[in-house]
Amino acid sequence: MLPDAVTDRAVVVGAGGAGVAVGYALLEQGAEHVEFFDVDPARAGACASRLSTKFGRHRVAVADRLAPALERAGGVVNATPVGMLGHEGLPVPEALLRPELWVSDVVYFPLETELIRLARDRGCRVVPGGGMAVQQAVGAFEYFTGEVADPVRMTAHFDELTTEG
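Only a predicted model underlies this, so the values are computations on that prediction, with no experimental measurement involved. (Residues numbered from 1 in each chain as written. Predicted model: local features only at pLDDT ≥ 70, side-chain atom pairs only at ≥ 80, totals over all residues. Heavy atoms only, no water.)

**Remarks on the packing of helix H1 (residues 17-28) against helix H2 (residues 41-55)**
Each packed pair of helices is defined by two parameters, the angle between the axes and the distance between the axes. For clarity, the threshold we go by: Axis lines are fitted to C-alpha atoms, over the contacting stretch for helices. Their N-to-C directions set the angle, which ranges from 0 to 180 degrees. A helix here means a DSSP run of H or I that spans at least four residues, while a strand means a run of E at least two residues long, and both kinds are numbered starting from the N terminus. Relative orientations are named as follows: roughly parallel for angles under 35 degrees, roughly antiparallel for angles over 145 degrees, roughly perpendicular for angles from 65 to 115 degrees, and oblique for any other angle. We call a crossing left-handed when the near helix sits turned anticlockwise from the far one by less than a right angle, and right-handed when that turn is clockwise. Only heavy atoms enter the contact rule, under which two residues are in contact if any of them lie within 4.5 Å. Residues are sorted three ways: Asp, Glu, Lys and Arg are charged, Ala, Val, Leu, Ile, Met, Phe, Trp, Tyr, Cys and Pro are nonpolar, and all the rest, Gly among them, are polar.
Packing of H1 against H2 leaves a shortest axis separation of 10 Å and a crossing angle of 25°. As summarised for this structure, H1 and H2 are arranged roughly parallel, according to the angle between their axes. Taken as a pair, H1 and H2 cross one another with a handedness that is right-handed. Packed against H1, whose contacting residues are Val20, Gly23, Tyr24, Leu27 and Glu28, the element H2 presents Cys47, Arg50, Leu51, Lys54 and Phe55 at the interface. In the contact of H1 with H2, the residues fall into 6 nonpolar, 1 polar and 3 charged.

Quick look at the structure:
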């Protein structure tokens, strides 16, 4: 986990549903500033506009270019399907991954995406997409059962099921 990561500047790559949710979570937890980069600039603009209504225009922006946005940021989250099984590739060019950057991925199939592997190899702190899978399960469990889920227990079980050895 990255307990200090949400206080700095972050870039969210992808401004669809996952991007909006990730941006909201980062801002809610105290991220100083979040920039959205998307292949569709209008979608990034809509996402930023939506979140700036709640969090203020000074904390949310659209990144026209990824490289300069990452230079200003402490972390990056992939909120696109790029890296998912069947959607191979990198959402962030390898050359932009520097050791002081934290890197997170919402993709959890596979758990070890190429982005996470490269970031780890370059010395970045990483958060693979397994947390996204567990938190979706927590929400679904509570929605369908009306009961309060135990995310700590669910995470431990997920880790047990997905750890080799």
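**Observations regarding the side chain of Ser52**
Our working definition: The buried label applies to any residue whose accessible area, calculated with a 1.4 Å probe on protein chains only, is under 20% of its type's maximum; exposed applies above 50%, and partly exposed to all values in between.
Its place among the elements puts Ser52 in helix H2. We classify Ser52 as buried; its relative accessible area is 9%.

**So, the packing of aromatic side chains**
Condition: Centres within 6.5 Å make a pair out of two Phe, Tyr or Trp rings, where for Trp the six-membered ring is used; the pair is then stacked when the planes are under 30 degrees apart, edge-to-face when over 60, and tilted otherwise. In this analysis the charged atom, NZ for Lys or CZ for Arg, is taken to sit over a ring once it is within 6 Å of the ring centre and within 35 degrees of the ring normal.
Counted under the stated rule, the structure contains 2 aromatic pairs. Judged by centre distance (5.3 Å) and plane angle (75°), the ring pair of Tyr24 and Phe55 falls under edge-to-face. Of this pair, Tyr24 sits in helix H1 while Phe55 sits in helix H2, and the two are 31 residues apart along the sequence. Relative to Phe144, the ring of Tyr143 lies with its centre 5.0 Å away and its plane at 85°, an arrangement referred to as edge-to-face. Of note, Lys54 hangs over the ring of Phe55, and the distance from its end group to the ring centre comes to 5.5 Å.

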